[in-house]
Amino acid sequence: MSAETYRDAWGIPHLRADTPHELARAQGRVTARDRAWQLEVERHRAQGTSASFLGPEALSWDRLARRARLADTARRCFTALERKDPETAAWVRAYTDGVNEGLTEPGRPNPAPEFARTGLVPGRWDPWTPLGVWLATHILFAGFPAKLWREHISTHLVPEAVALFAADGPGTAGSNGWLVSGERTTTGHALIAGDPHRFIEDPGVYQQVHLSCPEFDVVGLAVPGVPGVAHFGHTGTVAWAITNAMADYQDLYRERLRRTGAGVEALGPDGIWHRAARHTERIDVAGEDTVEVEIIETDRGPVIAGGPEGLDDGTPAALSLRYPPRVTADLGFGALLPLLRARRVADVDRALDAWAEPVNVVQAADTEGGLLHRVAGRVPVRPAANGLRPVPAWEPGHEWTGWHTPPRAGLTDGVAVMANQRGPATPLGVEFAPPHRADRITALLAGKEHWSAADMPAIHTDTHLGSAAPLLTHLAALPSEAALASEAALTPEAALTSEAAPEPKAAPDPEAAPTPEAAPDPETAPTPEAAPTPEATPTAAPPEAPPTPLTPEAAALRDRILAWDRRMDADSTDAAAYAAVRAAVVRRLAAHPVLAPASVPPAYPEVLLPWLALVPRLGHALEHLLRAEDLYGIDRAAAVRAALEEVAASPPSGTWGDTHRLAPWRALPDTATAPGDEPGLSGDHDCVLCTSPVPGLTDRAARGPAARYVWDLADRANSRWVVPHGASGLPGSPHHHDQQPLWLGGELAPVVTDFDRLTKKSDD
């Protein structure tokens, strides 16, 4: 036997070979068969050549890839890997050999229609290409452009404003993950479950795979184009999974550059001008002229925006990016084979000591009761200012001086929950996700003493919206016609001596334990100071005009939303109404003269602008903005009232799922599929079922669970998994989208590892 390929009922590849190297070759080959077009796109993205067939829309990414030196960094890392870890380097090379064989094997023409549409033929993979794919996939993972946003909003408001917007940003990837120890399960063995949240791509960003050889037998979620199983795996005796740690490990430096007769120089922190590396590259653009790009690299790192002449609009600026693999020539690939060979938690722990990026929180468990909850990855030691915004390269005190020791954590009441909130990685980051998802998962787990693998989908698909309280409180505080009539009936003397009638409060959350967040907002809740008193009543000035009551339509809509169960279910009309009011509030805040100037970002490269867009920032930070003691004089009650009236005048005609539809990214848009043809979704950004709209901009969800999994340590055969589409990237394949009904319905497919229950497809 050299290598054998089997398939299960879902078309998932199960590979068996004599050696790890033959297995890697088989994994590369089957990935090329199933995901040829996806591999071609990822190879071009890593090289910065995707505009050559995707056109000008891809040019901004290609510029970033070239200027950030992604391909050159991947080559450096592979060269270093060959020197330090020749076994892993040979294993990676075997994978790319398999990819090249699968892309060009005779008698098996590639049916991917995208090749015909673009006129492309599959290109050859180099041994370093998987490292380039990994780097291109994760270069924006840590969200370094958020430092530009913090600087931008501080300029328009004040530095303290940054805290109001400190939330899981619009371009950041997140995850849910929870570890339940054996003391809390029905079998006495641990369970690990969760779902990574990423942009939903078609084909998907994760590939279900089973890799078996005499040294190991692993099922897991692979990244197409990268060998092994990095993030989510089960070896039979130990399993692991990750969430994004939200660590900050990339820095932006403002550079002072000048041209000389010999090239470009950069002013260093020693006060001396130093020669910067410089050359030019050409980017082919389909349908347009070739574009020339100047590549500059200072002692800090490659310049990714601006240059000696500034930004495109002439603003004097140049930004260099310092990121760990560029500094160390190490992408952490040395961890991949040890992970596959792991038998116990201690093996996973040792393997992760070699992890580089992205920086993750890892949860692991084994069949002997071993448990692990730790951060893995490389985070530089440097001043706190580096984490907040771009820092001046010419000033001393912003250098990297070492690497943080990755923190560790334990379990509480037999469970550990991570959903990108502040946790073990807190010392390593700046902004984290709100605690809603983590708190909700923790509360659900606390509701039952013992859990089984079959119970986990109920947590995966929970739609309770924990961030709704501040807006509901503002709605409850709006004056109703009945309340105003009652107040008007009071005599002046009674008005002076009576307590103010309490404003209506938001209906209590029936499913949330009392917390400060669920309590009435102290900013909007009635207080004794708000009641009319003799001291506060003017004696000489004419009385203020009484507030205008809500229209009957708005009052009815308000009452309906306040009675809503706070579940963002696809079939809920109340969820649709809440979302419509939320979006209208965001738009009105964005249009306010205080905030509107921030809607015009600096002339940074287009690929960075999603992090600088005002409306998404307002949408994701709305609860903080509504709860703040003051929002720079903005009358939030008026904004909420106007938004409610706006929606009441033209209410949503359907359910949440009618507008909250999947918006998958495809390198080539599917001209046969209209947005309305995509499936409607339950969930929301702050639900455990994290399907992220952008309030104020769109209800469609480009981000969501890129996979779901349950790893059972009692019996791997009881494990479950699902992806949004299917195992195949080939349109027309029966396994192209066959898992989507499961994914939409919150169901999971069985993990099959018994080769006698699989269908043999080929010997390679």
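Being a predicted model, the structure only gives us computed values, none of them experimental.

### A word on the overall build of the protein chain
Along the protein chain, the regular secondary structure elements total 24 helices and 27 strands. Here the protein chain, with 764 residues, has 59% of them falling under the buried criterion. In the protein chain, once contacts between residues fewer than 6 apart in sequence are set aside, the share between residues at least 24 apart is 70%. Carbon and sulfur atoms provide 54% of the accessible area of the protein chain, an area that totals close to 28900 Å².

### Overview of the side chain of serine 719
Along the chain, serine 719 turns up in the loop between strand 24 (708–712) and strand 25 (720–722). Classification of serine 719 by relative accessible area gives buried; the value is 0%. Engagement of the side chain of serine 719 in a polar contact is seen with the backbone nitrogen of aspartate 712, the distance being 3.0 Å.

### Thoughts on helix 22 (residues 636–649)
If you check helix 22, its first and last C-alpha atoms are 20 Å apart, about what 14 residues at 1.5 Å a residue would give, namely 20 Å. Every buried residue of helix 22 is accounted for by Arg636, Ala639, Val640, Ala643, Leu644, Val647 and Ala648. Buried residues in helix 22, looked at end-on, bunch into an arc of 165°, giving them a common side. Contacts from the buried residues of helix 22 go to helix 15 (469–477), helix 18 (552–562), helix 19 (573–591) and helix 21 (622–627). Two or three places before alanine 637, at the opening of helix 22, aspartate 635 has a side-chain oxygen 3.3 Å from that residue's backbone nitrogen.

### Concerning the packing of aromatic side chains
All told, the structure shown has 12 aromatic pairs when counted by the stated rule. Aromatic pair tryptophan 134 and tryptophan 355: ring centres 6.1 Å apart, planes at 80°, arrangement edge-to-face. On the criterion of sequence distance, the pair formed by tryptophan 134 in helix 7 (residues 129–138) and tryptophan 355 in the loop between helix 11 (345–352) and strand 16 (360–366) is long-range, its members being 221 residues apart. Neither tryptophan 134 nor tryptophan 355 differs from the other in exposure class; each is buried. Both rings, one in tryptophan 149 and one in phenylalanine 165, keep their centres 5.3 Å apart while their planes meet at 75°; by these two values the pair is edge-to-face. Of the two residues, tryptophan 149 is situated in helix 8 (residues 146–156) and phenylalanine 165 in the loop between helix 8 and strand 3 (174–180); the sequence distance between them amounts to 16 residues.

### Overview of the sheet that holds strand 19 (residues 391–392)
Strand order in the open sheet formed by 4 strands is 14-15-9-19, and the pairing between neighbours is mixed. The strands lining the two open edges of the sheet, one partner per strand, are strand 14 (303–306) and strand 19. Of the pairings in the sheet, the one linking strand 9 (residues 251–254) to strand 15 (residues 318–322) comprises 4 bridges and is antiparallel in character. Paired with tyrosine 253 across the strands is serine 320, a residue of strand 15.

### Some remarks on helix 13 (residues 436–446)
Among the residues of helix 13, His436, Arg437, Ala438, Arg440, Ile441 and Leu445 are the ones counted as buried. Contacts from the buried residues of helix 13 go to strand 3, strand 4 (191–199), strand 21 (415–418), helix 14 (457–460) and helix 21.

### Digging into the pattern of salt bridges
Tallying each qualifying case throughout the model produces 47 salt bridges. Among the ionic pairs, arginine 33 bridges to glutamate 105, the shortest N-O distance being 2.8 Å. In this pair, arginine 33 is assigned in helix 1 (residues 20–47) and glutamate 105 in the loop between helix 5 (86–104) and helix 6 (113–118), connecting sequence segments 72 residues apart. A salt bridge links aspartate 684 to arginine 582; the nearest nitrogen and oxygen atoms lie 2.9 Å apart. Placement of the pair is aspartate 684 in the loop between helix 23 (656–659) and strand 22 (692–694) and arginine 582 in helix 19, with a sequence separation of 102 residues. As far as the burial class goes, aspartate 684 and arginine 582 line up, both buried. A single network of salt bridges, built from pairs that share partners, joins Arg69, Asp72, Arg76, Glu297 and Arg326.

### Brief notes about unusual backbone geometry
In this structure, proline 203 follows aspartate 202 across a cis peptide bond, with omega equal to 5°. Note that proline 203 resides in the loop between strand 4 and strand 5 (207–213). In this model, glutamate 357 is joined to proline 358 through a cis peptide bond whose omega is 0°. Relative to the assigned elements, proline 358 resides in the loop between helix 11 and strand 16. At methionine 246, a residue that is not glycine, the phi angle is positive and equals roughly 60°. Assessed through its relative accessible area of 9%, methionine 246 is described here as buried. In this structure, arginine 566 takes a positive phi of about 65° despite not being glycine. If you trace the backbone, arginine 566 turns up in the loop between helix 18 and helix 19.

### What about the packing of helix 1 against helix 5?
Interhelical geometry of helix 1 versus helix 5 gives an angle of 45° and a closest axis separation of 6 Å. Of the possible angle classes, the one that applies to helix 1 and helix 5 is oblique. As helix 1 packs across helix 5, the resulting crossing turns out to be right-handed. Residue-level contacts link Pro20, His21, Ala24, Arg25, Gln27, Gly28, Arg29, Thr31, Ala32, Ala36 and Leu39 of helix 1 to Glu87, Ala90, Trp91, Ala94, Tyr95, Asp97, Gly98, Val99, Glu101, Gly102 and Leu103 of helix 5. Tallied by class, residues from the contact of helix 1 with helix 5 come to 11 nonpolar, 6 polar and 5 charged.

### Quick notes on the pairing of strand 10 (residues 257–260)
Relative to strand 11 (residues 263–267), strand 10 runs antiparallel, the two sharing 4 bridges. In the sheet register, threonine 260 faces strand 11, and the bridge partner there is glycine 263. Connecting strand 10 to the next strand, strand 11, in antiparallel fashion are 2 residues.

### A few points about the packing of helix 1 against helix 7
Relative to each other, helix 1 and helix 7 sit at 80°, their axes nearing to 8 Å. Between helix 1 and helix 7, the crossing angle belongs to the class labelled roughly perpendicular. Contacts between helix 1 and helix 7 involve Glu42, Arg43, Arg45 and Ala46 on the former and, on the latter, Thr129, Gly132, Val133, Ala136 and Thr137. Among the residues forming the contact of helix 1 with helix 7, the class breakdown is 3 nonpolar, 3 polar and 3 charged.

### Notes on the environment of threonine 185
Among the secondary structure elements, threonine 185 is positioned in the loop between strand 3 and strand 4. Expressed as a C-alpha distance, the spacing of threonine 185 and glutamate 449, which sit 264 residues apart in the sequence, is 7.7 Å. Those residues in contact with threonine 185, other than ones at most four positions away along the chain, are Val180, Ala190, Leu191, His450 and Trp451. A polar side-chain atom of threonine 185 sits 2.7 Å from the main-chain carbonyl oxygen of histidine 189.

### Quick notes on the sheet that holds strand 11
Spatial strand order, 10-11-12-13: 4 strands in an open sheet with antiparallel pairing. Each having just a single partner strand, strand 10 and strand 13 (291–297) make up the two edges of the open sheet. Direction aside, neighbouring strands of the sheet carry axes that sit 35° apart on average. Bridge count between strand 11 and strand 12 (residues 273–283): 4 bridges; the pairing is antiparallel. Bridge assignment links alanine 266 to a residue of strand 12, and that residue is histidine 274. Sitting on the sheet, helix 3 (residues 59–67) is in contact with strand 12 and strand 13, with an inclination near 35° to strand 13.

Rules of the game
Once a new chain begins, its residue numbering starts again from 1 and follows that chain's sequence as written. Given that the model is predicted, a residue must reach a pLDDT of at least 70 before its local features are reported, and side-chain atom pairs must reach 80 or more before they are shown or counted; all residues, however, enter totals for whole chains, interfaces and linings. Calculated side-chain values reflect all of the structure's heavy atoms, with hydrogen atoms and water omitted. What counts as a helix is a DSSP run of H or I of at least four residues, what counts as a strand is a run of E of at least two, and both are numbered from the N terminus. Using a 1.4 Å probe on the protein chains alone, a residue whose accessible area is under 20% of its type maximum counts as buried, one over 50% counts as exposed, and one in between counts as partly exposed. Working rule for contacts: check all heavy atoms of both residues, and any pair within 4.5 Å makes them a contact. For every accessible area listed, the method is Shrake-Rupley and the probe measures 1.4 Å; residues are considered covered only by the protein chains on display. Pairs of N or O atoms within 3.5 Å make up the polar contacts considered here, provided that, within protein, one atom can donate a hydrogen while the other can accept it, and that residues adjacent in sequence are counted only when both atoms are side-chain atoms. In a helix, the anticipated span is given by 1.5 Å times the number of residues less one. By construction, the arc corresponds to the directions joining the helix axis to the C-beta atoms. Between rings of Phe, Tyr and Trp, where Trp is taken as its six-membered ring, a pair exists when centres lie within 6.5 Å; planes separated by under 30 degrees are stacked, by over 60 edge-to-face, and by other angles tilted. In this scheme, strands are said to pair when DSSP sees at least two bridges between them. Whenever a carboxyl oxygen of Asp or Glu lies within 4 Å of a side-chain nitrogen of Lys or Arg, that contact is scored as a salt bridge. Under this scheme, a helix contributes an axis fitted over its contacting stretch, all axes are lines through C-alpha atoms, and angles between N-to-C directions fall in the 0 to 180 degree range. Throughout, the term roughly parallel applies to angles under 35 degrees, roughly antiparallel to angles over 145, roughly perpendicular to angles from 65 to 115, and oblique to all others. Helix crossings get a hand from a simple test, with the near helix turned counterclockwise from the far one by less than a right angle marking a left-handed crossing and a clockwise turn marking a right-handed one. By the convention adopted, Pro, Cys, Tyr, Trp, Phe, Met, Ile, Leu, Val and Ala count as nonpolar, Lys, Arg, Asp and Glu as charged, and the other residues, Gly among them, as polar.

So yeah, pure geometry; function would need other evidence.
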